[in-house]
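Reading the structure
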Amino acid sequence: MRDNPGIEIVTLGPLTNLAMALLREPKLAASVKRCVVMGGAPCCVGNVTPAAEFNIWVDPEAARIVFQSGLPLEMVGWQLCCGDAALNQQDIDRVFALKNPIAEFAIRCNSTAAQAFFTQTGQRGISLPDPVTMGIALNPALCTSSSKHYVQIEISSELTRGMTVVDRLDVAADPRNKNEWATPIERGRKVDVCWSLDVAKWKELVFSSLT
């Protein structure tokens, strides 16, 4: 990163490696133009615990380091890959109709994930958080609404460990909250939280990439 200022980073898993790099050289954050993070549950609906999304929950200490580092973060929460964004049966049939071995593999390799998604949410289909994040990284316009907020990662509570706490009402600087939010406020850089996805355009991107 130091040798390539202006680099863009996309993270699709726990943030351990990025946190380690920042601990060794905190100034690296200033070399990054953009960091798109697949992780978190800004709407407080977790997929591992009621409060936490998997990538953050696995290593919340690392996530806290990254979120407090001053990196220009864009947070793509897992909720963006649910609902209409999940590939439904019609979408899956369209992919198979491509008669492309890579396209077929893309569906079949997600069979276990599809079953887990159904068990978890009751929704039939394939939820693709990583491709949603990559789509937004490649085409930021796919994120149709976003807003900047301080975000804090819970690391100690047994109930909410790994929760991404979003200061949507800008109350973090209130004197009652200054101890818990001192570091994010001191860094002075808010996280750009994506709230909605252009599902139709994102799916067209998926189909075109598999053609």
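Residues numbered from 1 in each chain as written. Predicted model: local features only at pLDDT ≥ 70, side-chain atom pairs only at ≥ 80, totals over all residues. Heavy atoms only, no water.

Considerations on unusual backbone geometry
A positive phi angle is found at Lys99, which is not glycine, with a value near 50°. Here Lys99 shows up in the loop between α4 (89-96) and α5 (101-108). Given a relative accessible area of 74%, Lys99 falls into the exposed group. Even without being a glycine, Asp170 presents a positive backbone phi close to 55°. Looking at where Asp170 falls in the secondary structure, it is placed in the loop between β6 (164-166) and α8 (178-187). (Helix = DSSP H or I, 4+ residues; strand = E, 2+ residues; numbered from the N terminus. Buried < 20%, exposed > 50% of the residue type's maximum accessible area, 1.4 Å probe, protein only.)

Details of the packing of aromatic side chains
The final tally for this structure, using the stated rule, is zero aromatic pairs. Above the ring of Phe118, the side-chain terminus of Arg124 is found at 3.6 Å from the ring centroid. Just above the ring of Tyr150 sits the side chain of Lys190; from NZ or CZ to the centre is 5.2 Å. (Phe/Tyr/Trp six-rings, centres within 6.5 Å; stacked < 30°, edge-to-face > 60°. Lys NZ or Arg CZ within 6 Å of the ring centre and 35° of its normal.)

Digging into helix α3 (residues 60-67)
Those residues of α3 lying buried are Pro60, Ala62, Ala63, Val66 and Phe67. Along the axis of α3, the buried residues cluster in a sector spanning 155°; they form a single face. Buried residues along α3 sit in contact with α1 (16-24), α2 (54-58), β3 (73-76), β5 (151-153) and β7 (191-197). (Arc of directions from axis to C-beta. Contact = heavy atoms within 4.5 Å.)

Details of the nonpolar core
Within the largest apolar cluster, 30 residues are counted, with the highest numbers of intra-cluster contacts made by Val132, Ile136, Leu197 and Trp202. Of all elements in the fold, only β2 (32-38), α4, α5, α6 (111-121), α7 (129-138), β7 and α9 (199-210) reach the threshold of two or more residues within this core. In contact with Val132, other than residues within four places in its own chain, are Val76, Leu80, Cys81, Leu197 and Trp202. In this structure, Ile56, Ala62, Met75 and Val166 belong to the second largest nonpolar core, which totals 24 residues. (Core = buried A, V, L, I, M, F, W, Y, C linked by side-chain atoms within 4.5 Å.)

A few points about the pairing of β7
Taking burial as the measure, the seven residues of β7 include six buried ones, the bulk of the element. In the sheet, β3 pairs with β7 via three bridges, with the strands oriented parallel. Residue pairing for β7: Met75 is matched across the bridge by Val193. Pairing analysis gives six bridges linking strand β4 (residues 143-149) to β7, with the strands arranged antiparallel. Bridge pairing in β7 places Ser145 opposite Ser196. (Pairing = 2+ DSSP bridges.)

A short note on the environment of Gly70
When you line up the elements, Gly70 lands in the loop between α3 and β3. In sequence terms Gly70 and Pro175 are 105 residues apart; their C-alpha atoms lie 22 Å from each other. With residues up to four places along the chain from it excluded, the contact list for Gly70 reads Ala29 and Arg189.

Just geometry here; none of it tells us what the structure is for.
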